[in-house]
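Residue strings, one per chain:
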Amino acid sequence: MSLPPEKASELKQLIHQQLSKMDVHGRIREILAETIREELAPDQQQLSTEDLIKALRRRGIIDDVMKELNFVTDSVDQELPSSPKQPVCFTDRHSTLLKKTNIDPTRRYLYLQVLGGKAFLEHLQEPEPLPGQVCSTFTLCLHFRNQRFRSKPVPCACEPDFHDGFLLEVHRESLGDGTRMADSTTMLSISDPVHMVLIKTDIFGETTLVASYFLEWRSVLGSENGMTSLTVELMGVGTESKVSVGILNIKLEMYPPLNQTLSQEVVNTQLALERQKTAEKERLFLVYAKQWWREYLQIRPSHNSRLVKIFAQDENGINRPVCSYIKPLRAGRLLDTPRQAARFVNVLGYERAPVIGGGGKQEQWCTLLAFLCRNKGDCEDHANLLCSLLLGYGLEAFVCVGTKAKGVPHAWVMTCGTDGTITFWESLTGHRYIHKPANPDESPVAEQPKPLYPYRTIGCVFNHQMFLGNCQPSDSVEICVFDLNDESKWKPMSEEAIKSVCAPGATTSLPPFPPLCASTIDASVTSNEIEMQLRLLVSEHRKVSFL
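Overview of the structure.

Thresholds applied
Residues numbered from 1 in each chain as written. Predicted model: local features only at pLDDT ≥ 70, side-chain atom pairs only at ≥ 80, totals over all residues. Heavy atoms only, no water. Helix = DSSP H or I, 4+ residues; strand = E, 2+ residues; numbered from the N terminus. Buried < 20%, exposed > 50% of the residue type's maximum accessible area, 1.4 Å probe, protein only. Arc of directions from axis to C-beta. Contact = heavy atoms within 4.5 Å. Pairing = 2+ DSSP bridges. Salt bridge = Lys/Arg side-chain N within 4 Å of Asp/Glu carboxyl O. Axes fitted to C-alpha atoms, helices over the stretch in contact; angles between N-to-C directions. Left-handed = near helix turned anticlockwise from the far one by under 90°. Nonpolar A, V, L, I, M, F, W, Y, C, P; charged D, E, K, R; others polar.

**Some details on the side chain of Asn-346**
In this structure, Asn-346 sits in helix α7 (residues 338-347). According to the relative accessible area criterion, Asn-346 is buried, its value standing at 15%.

Laid out in structure tokens, this is it:
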């Protein structure tokens, strides 16, 4: 198979760059001089190509070059691939469980290396683990343009020994650009950040979200040699979002090297313009939301006590419109039906956001990557994920915000059928309930449908495109009518206003949604192992009980 001339030149450039980095030419000159001096007769003036190749192979130069040119990937847990391109995780050459991966020489890659951490002061007194000792570990999870990555776990320490590399493919996703290598100007317009999530796993397997960080990688486009080093300060989450938890040393490098780099001034100007546009869009939406809320309160003063949630804080303490937490998410062949999706979401653990001291509930709506990597979250996280999955199946789905028994705030999912049927989905259990509203004007003697669902009141419903506040005389779910097109019952927000800040690519502050990927567990093998363990336990119990 032959490559087109431009692709062949790019491949040659990549190999030349690697050879220059290893100083192969200098080593060949040294071996050539040594071979001429030691092996040639005084009357022989020329050295054949075969003799030189033998000398290079004898001294291991060829083997070293081939090893350096082989990208390797560690068979660690890789999460969700919904894109055909799999993320590639680099490891050192002495690691075990390595396998080769193919690198497309016609594509542009960003090589991100994590070269250790420091100042994780919470683990200052952490003793160094003994060989084979079970200890708490840090794991770094990354997401970039539909690719997900997971580092090797490292023991928790004041200076955790992160030494991982990830090959991130940078490309345009629009039609027609799939086979063209992205140049500097094209990549400067790609505003997707690298989302980094740090997870701590204790000795009992419990996970904790330590930090969530959005890395702006485009500074490498303005570096002279196509590579740059960064020091990233990670901040805590929730109530500790203003407290530093540690520092990571990051190195970024473009592959193949850029033919033409941009000036740092151009890069900084582009980033400043994007921040300015984002800030202006968010300001205008805030002005509109305040006006909408004033109009909503004018309908009925009692609306002030209803749970109408327009903004919510993420794990970094940033207020974002609730519609930005939803996006149609297609699971492909991983989840065949909406019922399977509900089962998948309910299997994820439930944990309320931690709060220091007494008082009310600490609010924290996690980004999807943080929720999936931690494998647990609050009811809002479950509802947002289930709504996104149901939208991916083509259902008309909404997240509902209201209360359960005893006035406890809660979030669940609602779908509207084509025949007008309203179905409630409880994301924490996977249960479904058909809503049949009671008629408050009926005679007390008349039999009313008894609700089976646990929900008591509802303040608003929303998805990625719509937000509607309940403006019916009563916010009781039991008598609520879900005719969302009736503005006398549901006050809508402008879809254009929502789109201006919540549509994909509308602002650079929106975290991109990661894809789902297949489990790394072999279900049949694992089920057999569990069955054998249960048989052994039953046998031991019978022996002890003399059965």
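**As for unusual backbone geometry**
Cis geometry is adopted by the peptide bond preceding Pro-256, which originates at Tyr-255 and carries an omega value of -15°. Note that Pro-256 resides in the loop between β12 (244-255) and α6 (264-299). One non-glycine residue, Ala-119, adopts positive backbone phi at about 65°. Inspection of the secondary structure puts Ala-119 in the loop between β4 (108-118) and β5 (137-144). We note that Asn-375 has phi near 65°; this positive angle belongs to a residue other than glycine. Relative to the assigned elements, Asn-375 resides in the loop between α8 (368-374) and β16 (376-377). Looking at Asn-375, the relative accessible area reads 48%, which means it is partly exposed.

**Structural notes on α7**
Every buried residue of α7 is listed here: Ala-341, Ala-342, Val-345 and Asn-346. Each buried residue of α7 lies within a common arc of 130° when the element is viewed along its axis, so the set occupies one face. Opposite its buried face, α7 presents the exposed residues Arg-339, Arg-343 and Val-347, each directed more than 90 degrees away. The inward-facing, buried residues of α7 abut α9 (379-392) and β19 (422-425).

**Brief notes about the pairing of strand β6 (residues 147-150)**
Judged from the four bridges that link them, β5 and β6 form a sheet pairing that is antiparallel. Within the sheet, the bridge partner assigned to Leu-142 lies in β6 and is Phe-149. If you look at the hairpin formed by β5 and β6, you'll find two residues sitting between the two strands, and Arg-145 has a positive phi there, around 45°.

**Describing the pattern of salt bridges**
Side-chain pairing between opposite charges can occur once the charged atoms of the two side chains come close. Under the defined criterion, the tally for this structure stands at 14 salt bridges. For the salt bridge of Arg-218 with Glu-274, the shortest nitrogen-to-oxygen distance reads 2.7 Å. Taken together, the residues span a long stretch of sequence, with Arg-218 in the loop between β10 (207-215) and β11 (227-235) and Glu-274 in helix α6 at a distance of 56 residues. For the residue pair Arg-218 and Glu-274, the accessibility class agrees, reading buried in each case. Between Arg-374 and Glu-351 there is a salt bridge, and its shortest N-O distance comes to 3.4 Å. Here Arg-374, found in helix α8, pairs with Glu-351, found in the loop between β15 (349-350) and α8; they are 23 residues apart in sequence, far enough to count as distant. Shared partners join several salt bridges into a network, and the residues in it are Glu-206, Glu-351, Arg-374 and Lys-376.

**Looking at the packing of α6 against helix α10 (residues 495-502)**
Between α6 and α10, the least distance of the axes is 9 Å, while the angle of their chain directions is 150°. Crossing of α6 against α10: the hand is left-handed. The segment α6 lies against α10, with Lys-281, Glu-282, Phe-285 and Tyr-288 engaging Ala-497, Ile-498, Ser-500 and Val-501. Looking at the contact of α6 with α10, its residues break down into five nonpolar, one polar and two charged.

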